[in-house]
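Each chain is listed here by its residues.
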Amino acid sequence: MANRRQFIGAALGSTVATLLPNLGIANNNFSVNPTIVKPKRLKKGDTIGLIAPGYAIQPSILEEAKKTLKSMGFKPYHTDRIIGNYGYLSNTDEERAKDVNEMFADPKIDGILCARGGYGCTRIMHMIDYECIKENPKTFIGFSDITALLNGIHQETGLITFHGPVGSTLNDPYSIKQLEKVIMFPTEQLEIQNNKILKPEFTTNPEYERYTITKGIATGKVVGGSLTLINALIGTPHEIDFTDAIVCIEDVEEAPYRIDRMLTQLIEGKTFKKAAGILFGVCAGCNESTNPISFTLKEVIIDRIRPLGIPAAYGMSFGHVENNFTFPIGISAKMDARKMSFQLLEKAVL
């Protein structure tokens, strides 16, 4: 995940251009709003299917993810497709898509957790069986490059998906507790609590600073995830409609000028200026630059976002960080930029 940028530039542009003509089954009409579909809540004893829809996963990390799921009371399951490599991908496009489709179709699988992120999800979005997902709604969890699938599946099916830890990052008490609150023990109007920053290396790191960009309160449907992947969807059938939405954004190891470029692209796009509110997680490793006269990450974000006049804040506990809370894509939520608060206004699972 952390080194995504090194290969995304070379691979993504040519790949998406190649796939676009074949994406006829996907929905590129912002006016279409599928009926919201909520998956059933997970409980101890449920079987969780592990998939790697993008980058390859090391066997030791896969085993660690299975161990964590067992400690949470779940039964982990995966097919042989997750093991091995196809270049930097976990398997061929066809096999990775088949793993996604079969996990949704299999009645023995109660929920699906991406074992890791990493490039590759945009290559298979035209191969996903969205009708099968509609007929077999399940919790689907991940972040980073999984952003493409989280938002695309929601657009196509109305299924609430979950931006939360992947298998390789789940072994953290805060992340586990926040995930369980959303998918196992949901309550009406759940207040998502930021983690307390205690470690000295984080309290002095400007990337972890929490600050209000523009004061205000906003309500809206939650969308977003990785800034890089949000941008990668622009011009495709799964471009995100930000109208009246609360947009959650994070990224990792992107220099300030790259964050500037991606935010500028969003601002100049169709709907970003129509967002109800904007919440940034922690953009880890994004304050570093080889340019001695570079703007800081904070300067870039304030310069790009404040003129929009949209309630916005930076530094929430999600992203490529140790403590990563879960938020549902497609659920109504409320934010207060001054108080740095984020509240789900309804249960995300049945």
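Up top is the structure.
Scope of this entry: the structure provided in the associated data block. (Residues numbered from 1 in each chain as written. Predicted model: local features only at pLDDT ≥ 70, side-chain atom pairs only at ≥ 80, totals over all residues. Heavy atoms only, no water.)

This brings us to the packing of helix 9 (residues 256–267) against helix 10 (residues 297–305). It is the contact of helix 9 with helix 10, at a shortest axis distance of 9 Å, that shows an interaxial angle of 15°. The angle between helix 9 and helix 10 falls in the class roughly parallel. Here the hand of the crossing between helix 9 and helix 10 comes out right-handed. In this structure, helix 9 uses Pro 256, Ile 259, Asp 260, Leu 263, Thr 264 and Ile 267 to contact helix 10, whose residues at the interface are Leu 297, Val 300, Ile 301, Arg 304 and Ile 305. Grouping the constituent residues of the contact of helix 9 with helix 10 by class yields 8 nonpolar, 1 polar and 2 charged. (Axes fitted to C-alpha atoms, helices over the stretch in contact; angles between N-to-C directions. Helix = DSSP H or I, 4+ residues; strand = E, 2+ residues; numbered from the N terminus. Parallel < 35°, antiparallel > 145°, perpendicular 65-115°, else oblique. Left-handed = near helix turned anticlockwise from the far one by under 90°. Contact = heavy atoms within 4.5 Å. Nonpolar A, V, L, I, M, F, W, Y, C, P; charged D, E, K, R; others polar.)

So, on to the pairing of strand 4 (residues 139–142). Both faces of strand 4 are covered, namely the face carrying Thr 139 and Ile 141 and the face carrying Phe 140 and Gly 142. With 3 bridges joining them, strand 3 (residues 111–114) and strand 4 adopt parallel strand pairing. Within strand 4, the residue paired with Ile 112 across the bridge is Phe 140. Note on the crossover from strand 3 through helix 4 (residues 130–135) to strand 4: the handedness is right-handed. As for the winding sense of the linkage, the β-α-β connection from strand 4 through helix 5 (residues 147–157) to strand 5 (residues 161–163) is right-handed. (Buried < 20%, exposed > 50% of the residue type's maximum accessible area, 1.4 Å probe, protein only. Pairing = 2+ DSSP bridges. Right-handed = clockwise from strand over helix to strand, strands pointing away.)

The next subject is the sheet that holds strand 1 (residues 47–51). A sheet is described by the order of its strands in space; here 6 strands give the open sequence 2-1-3-4-5-12, paired in mixed fashion. Edge positions in the open sheet fall to strand 2 (75–77) and strand 12 (327–329), since each of these has one partner strand only. For this sheet, the mean inter-axis angle between neighbouring strands, taken without regard to orientation, is 30°. Where strand 5 and strand 12 come together, 3 bridges link them in antiparallel fashion. Opposite His 163, over in strand 12, you have Phe 327 as the bridge partner. Packing against the sheet, helix 2 (residues 59–71) makes contact with strand 1, strand 2 and strand 3, and its axis sits at approximately 160° to strand 1. Seen against the sheet, helix 5 touches strand 4, strand 5 and strand 12 and runs at an angle of roughly 155° to strand 5.

Evaluation of the coordinates by the stated rule reveals 15 salt bridges. A salt bridge links Asp 93 to Arg 96; the shortest N-O distance between them is 2.2 Å. Within this pair, Asp 93 and its partner Arg 96 are both found in helix 3 (residues 93–105), separated by 3 residues, close to a single helical turn. Taking relative accessible area as the criterion, Arg 96 reaches 2% and is therefore assigned buried. For Glu 209, the salt bridge goes to Lys 298, with nearest N and O atoms at 2.9 Å. Taken together, the residues span a long stretch of sequence, with Glu 209 in the loop between helix 7 (200–203) and strand 7 (211–214) and Lys 298 in helix 10 at a distance of 89 residues. Relative accessible area serves as the criterion here: at 31%, Lys 298 is assigned to the partly exposed category. (Salt bridge = Lys/Arg side-chain N within 4 Å of Asp/Glu carboxyl O.)

Each full turn of the α-helix corresponds to 3.6 residues, which orients residues three or four apart in the same direction. The terminal C-alpha atoms of helix 9 lie 16 Å apart, and with 12 residues this matches the ideal 16 Å at 1.5 Å per residue to within 8%. Among the residues of helix 9, those classed as buried are Pro 256, Arg 258, Ile 259, Met 262, Leu 263, Leu 266 and Ile 267. (Expected span 1.5 Å × (residues − 1).)

This brings us to a positive patch on the surface. On the surface, Lys 215, Lys 334, Arg 338 and Lys 339 cluster together into a positively charged patch. Locating Lys 334 in the fold gives a position in strand 13 (residues 332–336). We classify Lys 334 as partly exposed; its relative accessible area is 35%. (Patch = residues over 30% accessible without salt bridge, like charges linked within 9 Å, V, L, I, M, F, W, Y side chains within 5 Å. Areas by Shrake-Rupley, 256 points an atom, 1.4 Å probe, with all protein chains shown as cover. Lys, Arg positive; Asp, Glu negative; His and termini not counted. Charge placed at Lys NZ, Arg CZ, Asp CG, Glu CD.)

The next thing to look at is the pairing of strand 11 (residues 312–319). Successive side chains on a regular strand alternate, one facing one side of the sheet and the next facing the other. The element strand 11 is extensively covered by neighbouring structure, given that 8 of its 8 residues are classed as buried. Bridge count for strand 7 against strand 11 is 3 bridges, and the pairing is antiparallel. When the bridges of strand 11 are listed, Thr 214 appears paired with Ala 312. As paired strands, strand 10 (residues 277–282) and strand 11 are joined by 4 bridges and run parallel to one another. Following the sheet pairing, Phe 280 is matched in strand 11 by Tyr 314.

On to the sheet that holds strand 13, then. Reading across the sheet, the 8 strands line up as 6-14-13-8-9-10-11-7 and stay open at both edges, with mixed pairing between neighbours. Bordering the open sheet on either side are strand 6 (190–192) and strand 7, each of which pairs with just one other strand. Between one strand axis and the next, the sheet turns by 40° as a mean value, whatever way the strands run. Where strand 13 and strand 14 (residues 341–344) come together, 4 bridges link them in antiparallel fashion. Residue Asp 336 lies in a different strand from strand 14, and its bridge partner there is Ser 341.

A few words now on the side chain of Ser 144. One can find Ser 144 in the loop between strand 4 and helix 5. A relative accessible area of 0% places Ser 144 in the buried class. Side chain to side chain, Ser 144 and His 320 meet in a polar contact 2.9 Å long. (Polar contact = N/O pair within 3.5 Å; in protein donor to acceptor, adjacent residues only side chain to side chain.)

With that settled, consider the side chain of Glu 180. Mapped onto the elements of the fold, Glu 180 is located in helix 6 (residues 173–183). No salt bridge is formed by the buried Glu 180; the nearest opposite charge belongs to Lys 44, separated by 5.0 Å.

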